[in-house]
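Residue-level structural notes
One letter stands for each residue in the lines below.
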Amino acid sequence: MSLSIAARLHRRRPTTAPCLVNYLIGRPLSCSAPQRDIPTQEEIDLLRERRKKDLKRRQQKGTGGFIDWLVVDVKAGNGGNGAVAFAKTATGLGPPSGGSGGQGGSIYFQPTSSLSSLATVPKRIRALHGGHGLGDYRIGRRGADMIIPVPVGTVVKEVYREADEAPDEDEDARRARLWVHYPGAEEGNMENPAFLAAEKAVLREERIKARGAPPEEVDLDFDKPSDAPVLVAQGGSGGSGNPAFTTTTVRFPRFARRGQRGAHLTLNLELKLLADAGLVGFPNAGKSTLLRALTGRRSEIAGYAFTTLNPQIGVVRARVGGGFIGAEEGREVLDTRDEVLLEDERRAAGAEWVPGPGKNDVVPERLRYTLLDNPGLLPDASLNKGLGHSFLRSIERSPVLIYVLDLASASPVHELDTLVAELEAYLPGLSARGRVVVANKADLLGGDGADEVEVRTAHEKLRELEEHAQKVLGDDVDVVPVSARWRLGLDRVVDAISDRVEKAREKQRKEQEALGELDI
């Protein structure tokens, strides 16, 4: 184990599971979980590697600091304390007039399609506390809620929730947490039957609450945008002022309730991008070049063993009868919200297709879908090697996968087997979504001045790949040779992907209809 990291861990409080989580996000916190061992060297190495990769991805030029994994410390506001106050009269203190404390601010997440990264989500989120109650029955102000926008595709899971009270809390600490006393009256209240009865009632409420169902664990999947924010951390309730404890026998209670603590959570956020189809392949296989050729979306490319560090999404518009829109100009195909709504309204009304303003379209559009260029996969990615889980997260939600293989490599067949094995190791059944195999750099298959030996070798590799793909992926697999660099064979790729996307959408539609019938 690294001496410096081990020393920092030993200097902290006894290392428990929550404490380890706190250490990972750089926040010390009281821990109540059972003891666990000091993290192993492998765990520390994985943490160091993950931090290094995340830092490199955030610093990549032109990405705006892309982040698809984040651990967030969330603390809702505490409720304000109730006031111990009395109305002034000519003869001295009058009836109790302490106001109740205000509600603490809550924290909400709201999915939005305007974001594509978790970079804007703070690592430390704090809502405002409720204001304390005041005399003359004045209620404390309510703490302002916080609404944090997150990108569509974000999965939120609760890692740790701080308990309302410490397990070893003694009587003095409990009373300090629950009660506010009139100046100079604390000792007298400890022997006051009215205070003891009120304390007994409050403790009974806490026991009933503890025996009830625990707070629902945060487990959210934002798969579509929403105008309604979703609560993740509830603010604490305000404490009652001293008029709440007035009875027929107790006319001047000299105590009030403190506000309750707001929920304090550690949340794990993962961004799983939503795209209709995803490109899967090794670094330098030509995924980014293919994305640029089909959509005009530009991501960084290079002529050496290089991989895109961050996912890129482009829009493909397939034409009726073959081909795709926007390819001739080499410009990026945009899919604006207004454009989508307008075309959907026209089609729903049964209107005849009309080319959009400023477009060179002469053939109606068959289908529109999103295509995701993922970071290059490396062997043992399922064990989080290379970009590892960052890569696999980004393709997990794509219903259609396209294997992109390099005909110039030593063995495209071996690359396909590796890709399939890694996808299956990460999520069983994931590799079955790949029914299109793109054999890139097909310009090796022939051309003016091509070397005959290299041409024969390329043809042999393609034949072996076609036979092996049918064995591994099924007879209905499409193996399409293309040259993304020279824009050859792209129409066949678009047609093959479009067929798969249409089938996936039809399957999803039937599943949604079935769920709707079950709900009825």
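What you see is a predicted model; the values in this text were computed from it and never measured.

Quick look at the pattern of salt bridges now. Per the counting criterion, the structure on display carries 20 salt bridges. Across the salt bridge formed by glutamate 171 and arginine 175, the nearest N and O atoms sit 3.4 Å from each other. Of this pair, glutamate 171 and arginine 175 both sit in helix H4 (residues 171-178), four residues apart, which is roughly one turn of the helix. Note that glutamate 199 and arginine 175 form a salt bridge whose closest N and O atoms lie 2.7 Å from each other. Note that glutamate 199 is positioned in helix H6 (residues 193-211) and arginine 175 in helix H4, a separation of 24 residues in sequence. Across this residue pair, the class does not change: glutamate 199 and arginine 175 are buried. A cluster of three or more residues bridged by salt bridges with shared partners is formed by Arg435, Asp476, Asp478 and Arg500.

Spatially, six strands are ordered E14-E15-E13-E16-E17-E18 in an open sheet, and the strand pairing comes out mixed. Strands at the two margins of the open sheet, each flanked by one partner only, are strand E14 (312-319) and strand E18 (478-481). Between one strand and the next, the sheet's axes are offset by a mean angle of 25 degrees, whatever the strand orientation. Sitting on the sheet, helix H7 (residues 287-295) is in contact with strand E13 (277-281), E14, strand E15 (365-373), strand E16 (400-406) and strand E17 (434-440), with an inclination near 45 degrees to E14. Contacts from helix H11 (residues 452-473) reach E16, E17 and E18, with the element oriented near 165 degrees to E17.

Within the open sheet, the five strands sit side by side as E5-E1-E12-E7-E9. Their pairing is mixed. Edge positions in the sheet fall to strand E5 (124-126) and strand E9 (219-222), since each of these pairs with one other strand and no more. Strand-to-strand twist in this sheet, taken as the mean axis angle between neighbours without regard to direction, amounts to 25 degrees. Note that strand E7 (residues 154-161) and E9 share four bridges and pair antiparallel. Each bridged residue has a counterpart across the sheet, and for valine 156 the counterpart in E9 is leucine 220.

Take a negative patch on the surface next. A contiguous patch of negative charge on the surface is contributed by Asp168, Asp170, Asp172, Glu186, Glu187 and Glu191. For glutamate 186, the position within the fold is in helix H5 (residues 186-190). Classification of glutamate 186 by relative accessible area gives partly exposed; the value is 48%.

Let us look at the nonpolar core. Leu290, Leu294, Leu371, Ile402 and Val438 are the most contacted members of the largest nonpolar core, which has 28 residues in total. Those elements that place two or more of their residues in this core are E13, H7, E14, E15, E16, E17 and helix H12 (490-519). With seven residues, H12 is the single largest residue contributor to this core. Filtering out sequence-adjacent residues up to four positions away, leucine 294 remains in contact with Val315, Val316, Phe324, Leu371, Leu490, Val493 and Val494. Formed by 27 residues, the second largest nonpolar core is a distinct cluster that contains Val156, Leu220, Val232 and Ala233.

Rules behind the numbers
- Residues numbered from 1 in each chain as written.
- Predicted model: local features only at pLDDT ≥ 70, side-chain atom pairs only at ≥ 80, totals over all residues.
- Heavy atoms only, no water.
- Salt bridge = Lys/Arg side-chain N within 4 Å of Asp/Glu carboxyl O.
- Helix = DSSP H or I, 4+ residues; strand = E, 2+ residues; numbered from the N terminus.
- Buried < 20%, exposed > 50% of the residue type's maximum accessible area, 1.4 Å probe, protein only.
- Pairing = 2+ DSSP bridges.
- Axes fitted to C-alpha atoms, helices over the stretch in contact; angles between N-to-C directions.
- Contact = heavy atoms within 4.5 Å.
- Patch = residues over 30% accessible without salt bridge, like charges linked within 9 Å, V, L, I, M, F, W, Y side chains within 5 Å.
- Areas by Shrake-Rupley, 256 points an atom, 1.4 Å probe, with all protein chains shown as cover.
- Lys, Arg positive; Asp, Glu negative; His and termini not counted.
- Charge placed at Lys NZ, Arg CZ, Asp CG, Glu CD.
- Core = buried A, V, L, I, M, F, W, Y, C linked by side-chain atoms within 4.5 Å.

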